[in-house]
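The chain contents come next:
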Amino acid sequence: MTVNNMADPRRPNKIFRYKPPNTETNPTLEDPTPDYMNLLGMIFSMCGLMLKLKWCAWIAVYCSFISFANSRSSEDTKQMMSSFIISDISSTQRNPQM
Amino acid sequence: FMGRYNDDFDDGEDIAEFDDNDFAEFEDVSEDPAVDVEKEPPPRAAPSSTPIEDDEDEATVENEDGQDEFEDADAQDQDMYSKYDNEEFEGYEKTNPSFKDTLIYREVPAHLQNSWESYYMEILMVTGLLAYIMNYIIGKNKNSRLAQAWFNSHRELLESNFALVGDDGTSKEATSTGKLNQENEHIYNLWCSGRVCCEGMLIQLKFLKRQDLLNVLARMMRPACDQVQVKVTLNDEDMDTFVFAVGSRKAMARLQKEMQDLCEFCGDKPKSGAKYGIPESLAILSEMGEVTDGVMDNKMVHYLTSHADKIESIHFSDQFSGPKVMQEEGQPLKLPETKKTLLFTFNVPGMGNTSPKDMDILLPLMNMVIYSIDKVKKLRLNREGKQKADRNRARVEENFLKQTHTQRQEAAQTRREEKKRAEKERIMNEEDPDRQRRLEEAAQRREQKKLEKKQMKMKQIKVKAM
């Protein structure tokens, strides 16, 4: 039966601000999926453009979608859009072969 | 006289320049074949002209097809004329039985057709993309609703315990934002602070990646569940020195290997929880028996027993530094920084098929967290326990220092060499010759002094040894 139980446990004078966890010291905390997918998307879209393989371009579009879905909200959306656009452009080209 | 028209069609470019006059010859002989043949070249001319413009290679293919067309037309006419002169056309293959009714439609290569079938690959891909986008929107919304439901059910408890509920660290003043921070489409966190017995509490709602279709499909093979992770950081006076963990057997086995502090301080295999009255499915890792007895009081046992299915792991530690960091160059040079921490990981029941209503089920677990914070503050080891704990910590530090001794020596050596090199460079870069000489002399004097000091030390050691 201590006074503590009745008293308000809140202490406004003991407030600490939120510090986002430093992911450089803890690389295990980070999810590498969006970065991998971004890279794959770039590679496939370049392949699709250079080798004129349509399926490469389509895979690139999928990769960029997956990367976008898994991305962190702190990342720049412009960067994401640029990889989107590159892979989209290469996939919408009317290539003769499949 | 059929041969003449064959020659005409040998020259590829001429096909496009046809007009009806070229077929005057046909018209005289009979209406039908003329009409049929007439119909053929203009439609053939139209599609064949476009490939000529686009691609030289295409045009030649086209021309060959066109030629076949006319050869067949010729064959049809041959049949008609066979009545007149069979011998003339001996050896000519009569591939078509009836020329009046049937027209041979050549297969137009897929990439030249303008019908839907040629785009089946594209349609398939776009459908897939649309499905992905739909799943993204649905998954994102579901996660968002789950997070909001969790927060709504826990808001009261948190606000009555913490002065600051919700902070993203960016605002100038420390005021409660009263909402979750969205890190991702599947991770939400909440920072609470301003309470006795602790520095702050970070709650992370780690939902499944419902917004990623690939992940949804992968989960059909390997079921997983949403997790709620609570990390309470404590001030030095809020916790005595001990390391303790309890949780599912699998989690304990994994944590003992992964976590730096559990690995160093809790060397024994996880003990079954049955000894302390908690279900068999839970295992305990502890630095010493006294700690376990201290933590496992009746209320705690009650909490653990009634919510055993939702508890993944509970980890109390004054030496918490996170998982073991694998470094390429061998051991790290400095002991990792430690912080007094209570870490709770809860599984949301339902294995992924959770609805917002289920979030209320987690409320008792948050009560347990609050109770643990208060309990840990009161839990003090007796004298014997404290001595043991101090010895353990000293042992760990000594081991660490021993292992890194050679590396630290090497590091110190390289640092000294770097300093010397930097000084020499400074002397070299000095433009004024006088100043250069003076700096060199100063450096030499310093070197001499160092040597003398060393010699003195050696002498002292020798004297002592004697």
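Residues numbered from 1 in each chain as written. Chains lettered and ligands numbered in written order. Predicted model: local features only at pLDDT ≥ 70, side-chain atom pairs only at ≥ 80, totals over all residues. Heavy atoms only, no water.

For chain B, an unreviewed UniProt entry supplies the name PAT complex subunit CCDC47 and the organism Sinocyclocheilus rhinocerous. Entered under Sequence similarities (unreviewed entry) in the UniProt record, the comment concerning chain B runs "Belongs to the CCDC47 family." Checking UniProt for chain B, the heading Subcellular location (unreviewed entry) contains the comment "Rough endoplasmic reticulum membrane". (UniProt positions renumbered as here; feature names shortened; annotations may be inferred.)

**Student:** So what exactly am I meant to see when it comes to the overall build of chain B here?
**Tutor:** A tally of regular secondary structure across chain B gives 14 helices and 10 strands. Within chain B, residue pairs in contact and separated by at least 24 positions form 68% of the contacts whose partners lie at least 6 positions apart. (Helix = DSSP H or I, 4+ residues; strand = E, 2+ residues; numbered from the N terminus. Contact = heavy atoms within 4.5 Å.)

**Student:** Would you explain the overall build of chain A in this entry?
**Tutor:** Check the secondary structure of chain A and you find four helices and zero strands. Order of helices (α) and strands (β) in chain A, N terminus to C terminus: α-α-α-α. Within chain A, contacts between residues at least 6 apart in sequence are counted, and of these 61% link residues at least 24 apart. Surface summary for chain A: the accessible area is close to 6,400 Å², and the carbon and sulfur share equals 64%. (Areas by Shrake-Rupley, 256 points an atom, 1.4 Å probe, with all protein chains shown as cover.)

**Student:** Quick question: what am I supposed to make of the pattern of salt bridges here?
**Tutor:** When the charged atoms of two side chains with opposite charge come close together, those side chains can pair. Residue and element names in this part refer to chain B. On inspection of all chains with the given rule, the structure shows 22 salt bridges over all chains. In this structure, R393 engages D318 in a salt bridge whose closest nitrogen and oxygen atoms are separated by 2.7 Å. Taken together, the positions of R393 in helix α13 (residues 383-429) and D318 in strand β9 (residues 311-320) put the pair 75 residues apart, joining distant regions of the chain. Judged by its relative accessible area of 5%, D318 falls in the buried class. Close ionic contact of R421 with E418 constitutes a salt bridge, the shortest N to O distance being 3.1 Å. Linking R421 with E418, this pair stays in helix α13, spanning three residues, or about one helical turn. With a relative accessible area of 47%, R421 lands in the partly exposed category. Here the salt bridges do not stand alone but share partners, grouping D240, K386 and D390 into one network. (Salt bridge = Lys/Arg side-chain N within 4 Å of Asp/Glu carboxyl O. Buried < 20%, exposed > 50% of the residue type's maximum accessible area, 1.4 Å probe, protein only.)

**Student:** Would you mind showing me how to read the pairing of strand β6 (residues 243-248) of chain B here?
**Tutor:** Put simply, side chains in a regular strand alternate between the two faces of the sheet. Residues and elements named next belong to chain B. The element β6 is largely enclosed, with a buried count of six among its six residues. Two strands pair when backbone bridges link them, and β6 and strand β8 (residues 282-286) are joined in this way by five bridges, in the antiparallel orientation. For V246, the partnering residue across the bridge sits in β8 and is I284. (Pairing = 2+ DSSP bridges.)

**Student:** What is the right way to read the interface of chain A and chain B from this model?
**Tutor:** Interface size, as often reported, equals the accessible area lost upon joining of the parts. On the chain B side, the residues contacting the 29 residues of chain A number 46 residues. In total, about 3,300 Å² of surface goes out of reach between chain A and chain B, with carbon and sulfur atoms giving 59% of it. The largest contributions to the chain A side of the interface with chain B come from R17, Y18 and W58 of chain A, which together make up 23% of the buried area. Run the count over chain A and chain B and you get three salt bridges. Across the pair K209 of chain B and D31 of chain A runs a salt bridge whose closest N-O atoms are separated by 2.7 Å. Applying the counting rule to chain A against chain B returns 16 residue pairs in polar contact (both at pLDDT 80 or more). Here the side of chain A that touches chain B takes 10 residues from helix α3 (residues 54-70) of chain A, the largest share from any one element. Residue classes in the side of chain A that touches chain B are distributed as 14 nonpolar, six polar and nine charged. (Buried area = accessible area lost by both parts, 1.4 Å probe. Polar contact = N/O pair within 3.5 Å; in protein donor to acceptor, adjacent residues only side chain to side chain. Nonpolar A, V, L, I, M, F, W, Y, C, P; charged D, E, K, R; others polar.)

**Student:** How should I be thinking about the packing of aromatic side chains in this particular structure?
**Tutor:** Residues and elements named next belong to chain B. For the coordinates displayed, the defined rule picks out eight aromatic pairs over all chains. Ring geometry for Y303 and Y371: centres 6.1 Å apart, planes at 45 degrees, overall tilted. Taken together, the residues Y303 in helix α11 (residues 298-306) and Y371 in helix α12 (residues 363-378) connect sequence positions 68 residues apart. The burial state of Y303 is the same as that of Y371; both residues are buried. Seen from their ring centres, F316 and F344 are 5.8 Å apart, and the 65 degrees between their planes marks the pair as edge-to-face. Here F316, found in strand β9, pairs with F344, found in strand β10 (residues 339-347); they are 28 residues apart in sequence, far enough to count as distant. The class of F344 is buried, set by a relative accessible area of 0%. Here a set of aromatic residues connected by ring pairs shows up, and it is made of F244, F316, F344 and F346. The cationic tip of R393 hangs over the ring face of F265; the distance from NZ or CZ to the ring centre is 4.8 Å. (Phe/Tyr/Trp six-rings, centres within 6.5 Å; stacked < 30°, edge-to-face > 60°. Lys NZ or Arg CZ within 6 Å of the ring centre and 35° of its normal.)

**Student:** What is the right way to read the nonpolar core from this model?
**Tutor:** Inside soluble globular proteins, nonpolar side chains tend to come together where they are buried. All names here are of chain B. Counting 60 residues, the largest nonpolar core has W150 and F316 as its most contacted members. Counting residues per element, this core draws most heavily on α12, at eight residues. Apart from residues lying up to four places away in sequence, F316 is in contact with M239, F242, V243, F244, V295, M300, T341, L342, F344, S372 and V376. (Core = buried A, V, L, I, M, F, W, Y, C linked by side-chain atoms within 4.5 Å.)

**Student:** Looking at this structure, I do not really get the pairing of β8 of chain B. What am I missing?
**Tutor:** All names here are of chain B. With five of five residues buried, β8 lies mostly within the body of the structure. Taken together, the two bridges between strand β7 (residues 271-272) and β8 define a ladder with antiparallel strand orientation. Note on β8: the bridge partner recorded for K271 is I284.

**Student:** Honestly, the environment of K378 of chain B in this entry has me stumped. Any pointers?
**Tutor:** Structurally, K378 of chain B is set in helix α12. Accessibility expressed as a relative area gives 66% for K378 of chain B, which makes it exposed.

**Student:** Explanation requested: the side chain of N347 of chain B in the structure shown.
**Tutor:** Residue and element names in this part refer to chain B. Along the polypeptide, N347 turns up in strand β10. Within the structure, N347 has its side chain in polar contact with the side chain of E312 (distance 3.0 Å). Leave out the neighbours within four places in its chain, and N347 touches C225, D226, Q227, K310, E312 and L362.

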